[in-house]
Amino acid sequence: MTVGTDPAAVAATVVGMAREGRFVDIEALFAPRLRAVVSAETLRANWVTEISRVGAITAVGQPTSEPGKTGLVRVSVPVTCVRGGLMVVMSVDDAGMMHGLRLAPPAAMSWEPPGYANPKRLIEHEVTVGSGALAVPGTLTLPRGRGPWPGVVLLSGGGPFDRDETSGANKPLKDLAWGLASRGVAVARFDKVTFVNSDVVTKPGFTMAEEYVPHALDAVRLLQRQPGIDPARVFVLGHSMGATAAPRVAAAEASVAGMLILAGDTVPLSQAAVRVARYLATLNPGPDMQAAVELITRQAALVGSPELSLATPTTDLLYGWPASYWLDLRDYDQVATAAALDKPMLILQGARDYQVTVVDDLARWQAGLAHRRDVTIRVYDADDHMFFRGEGPSTPAGYEPPQHVDPAVVVDIADFLTAGQRKIARLFPRRKH
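Residues numbered from 1 in each chain as written. Predicted model: local features only at pLDDT ≥ 70, side-chain atom pairs only at ≥ 80, totals over all residues. Heavy atoms only, no water.

## Some details on unusual backbone geometry
(1) Moving on: Glycine 147 connects to proline 148 through a cis peptide bond whose omega is 5°.
(2) Moving on: Mapping proline 148 onto the fold places it in the loop between strand E7 (136-143) and strand E8 (149-155).
(3) Moving on: Residues other than glycine seldom take positive phi values, yet alanine 263 does so here, at roughly 55°.
(4) Moving on: Within the secondary structure, alanine 263 is located in the loop between strand E11 (259-262) and helix H9 (269-283).
(5) Moving on: At phenylalanine 387, a residue that is not glycine, the phi angle is positive and equals roughly 65°.
(6) Moving on: By secondary structure assignment, the location of phenylalanine 387 is in the loop between strand E13 (375-380) and helix H14 (407-419). (Helix = DSSP H or I, 4+ residues; strand = E, 2+ residues; numbered from the N terminus.)

So this is what it looks like as structure tokens:
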């Protein structure tokens, strides 16, 4: 098989191979380090899952290239699909070998502020979060005026998300930042380290704590130092995997005032992965999807097995995450960690969410925190995993149309953050939307 060495040509060829199901041929183009963490089977499962979300491919755009790290060329290929699109992003060396490959939301999609955000009431500053080689860019969204304002640090979900948790035209964390700042809350958000440096996840010993905690703590302290911010009222808000990490962040920094958990999973992630894969297979039945379910089931079984060790090959595990990541997750109980902290919590859940569910995940928050009077739980009947409103069963395609986070969610978060801890119990009786 001759592909050539031009990075743009390699990228175009790889996308063509993926469309034809030639994942073994793609794997042959992997540099050794990438081959050690991603197999042809895993690539096939990820591709099939992503295409099931955005629909069949209708067009492939021209590759665009830019200098990458350590002499590599970063090439992006836009792919248009029936229900949206994706960007195939890869890092290619001068021999035509790939050192990185990921499927990302399309670039340069337009975003319009939600109706509940008033740009005249806020101001934004670009900042750097973290230090050294793992520093990442971020944004402070601050209310105009003197304050003192409460603050909140936003943590996005699992995967290499940017600071806005961009998905197509949608930017749910930017919705929250603008909506909250319009209501007198200072907000810090930042690109995940795995977004800025995709190679970090392959580093030996990489864990969920390393992915989230250092940058979250730096963002908390950054907010606390800002003029007009009340340093005693800086909270942490996590969505999805970010919600899993939020109690860990709060446990590591005593000055964190409280936690907000949005679609926080409690079922072991490996089990949830199988549940989601089976659900997606009912939406798009077929041999490719069934093969993806079988692969995810095998990988999940190994993740949960006593045989898992630091020596387990990453190619045998879910999501291309190393064994260190999964071992760290197995030793971490987010509900117990939250329960041990004397900090108020607001837990929000979409009833239509199929990724994190009321029956499986929210039930564990409810059971583990039932004794806490300073914990408020709310369920939004019309909302999905992204807290977008809709009707009927939620599907991946439901995330694609331009939309915004449910206004009721933004109002409830703002009320919680601005209420003051003594008023929280009175203003937030346990109820269901």
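Structure shown, so let's carry the discussion forward.
## Some remarks on the pairing of strand E9 (residues 186-190)
(1) Moving on: Summarising burial for E9: five of the five residues are buried, a large majority.
(2) Moving on: A two-sided burial pattern is seen for E9, the buried positions comprising Ala186, Ala188 and Phe190 on one face and Val187 and Arg189 on the other.
(3) Moving on: Pairing geometry for E7 and E9, over four bridges, is antiparallel. By the bridge assignment for E9, glycine 138 is matched with phenylalanine 190.
(4) Moving on: Bridge count for E8 against E9 is three bridges, and the pairing is parallel. (Buried < 20%, exposed > 50% of the residue type's maximum accessible area, 1.4 Å probe, protein only. Pairing = 2+ DSSP bridges.)

## Some details on the environment of alanine 59
(1) Moving on: Tracing the backbone through its elements, the reader meets alanine 59 in strand E1 (residues 57-60).
(2) Moving on: The class for alanine 59 is partly exposed, based on a relative accessible area of 35%.
(3) Moving on: Placed 23 residues apart in sequence, alanine 59 and valine 82 show a C-alpha to C-alpha distance of 9.4 Å.

## Points about helix H5 (residues 172-181)
(1) Moving on: Taken across its ten residues, H5 has ten buried, putting it largely inside the fold.
(2) Moving on: Those residues of H5 lying buried are Pro172, Leu173, Lys174, Asp175, Leu176, Ala177, Trp178, Gly179, Leu180 and Ala181.

## Some thoughts on the environment of valine 153
(1) Moving on: Counting through the fold element by element, valine 153 comes out in strand E8.
(2) Moving on: Separated by 80 residues in sequence, valine 153 and arginine 233 place their C-alpha atoms 11 Å apart.
(3) Moving on: Residue contacts for valine 153: discarding those within four places in its chain leaves Ala188, Phe190, Ala216, Ala219, Val220, Leu223, Phe235, Val236 and Leu237. (Contact = heavy atoms within 4.5 Å.)

## Describing the packing of aromatic side chains
(1) Moving on: Under the criterion given, the structure shown has eleven aromatic pairs.
(2) Moving on: For the pair tryptophan 111 and tryptophan 178, a centre-to-centre distance of 5.2 Å together with 80° between the ring planes defines the contact as edge-to-face. Of this pair, tryptophan 111 sits in the loop between strand E5 (98-104) and strand E6 (122-129) while tryptophan 178 sits in helix H5, and the two are 67 residues apart along the sequence. The exposure classification of tryptophan 111 matches that of tryptophan 178, with both residues buried.
(3) Moving on: Ring centres of tyrosine 354 and tyrosine 399 lie 6.4 Å apart, and the angle between their planes is 10°; on these two criteria the pair is classed as stacked. Pair noted here: tyrosine 354 is in the loop between strand E12 (345-350) and helix H13 (358-368) and tyrosine 399 is in the loop between E13 and H14, with a separation of 45 residues, a long-range link. Each member of the pair, tyrosine 354 together with tyrosine 399, is buried.
(4) Moving on: In this structure an aromatic cluster arises from ring pairing among Phe206, Tyr319, Trp321, Tyr325 and Trp326.
(5) Moving on: Over the ring of tyrosine 332 we find arginine 248, and its NZ or CZ is 4.6 Å from the ring centre. (Phe/Tyr/Trp six-rings, centres within 6.5 Å; stacked < 30°, edge-to-face > 60°. Lys NZ or Arg CZ within 6 Å of the ring centre and 35° of its normal.)

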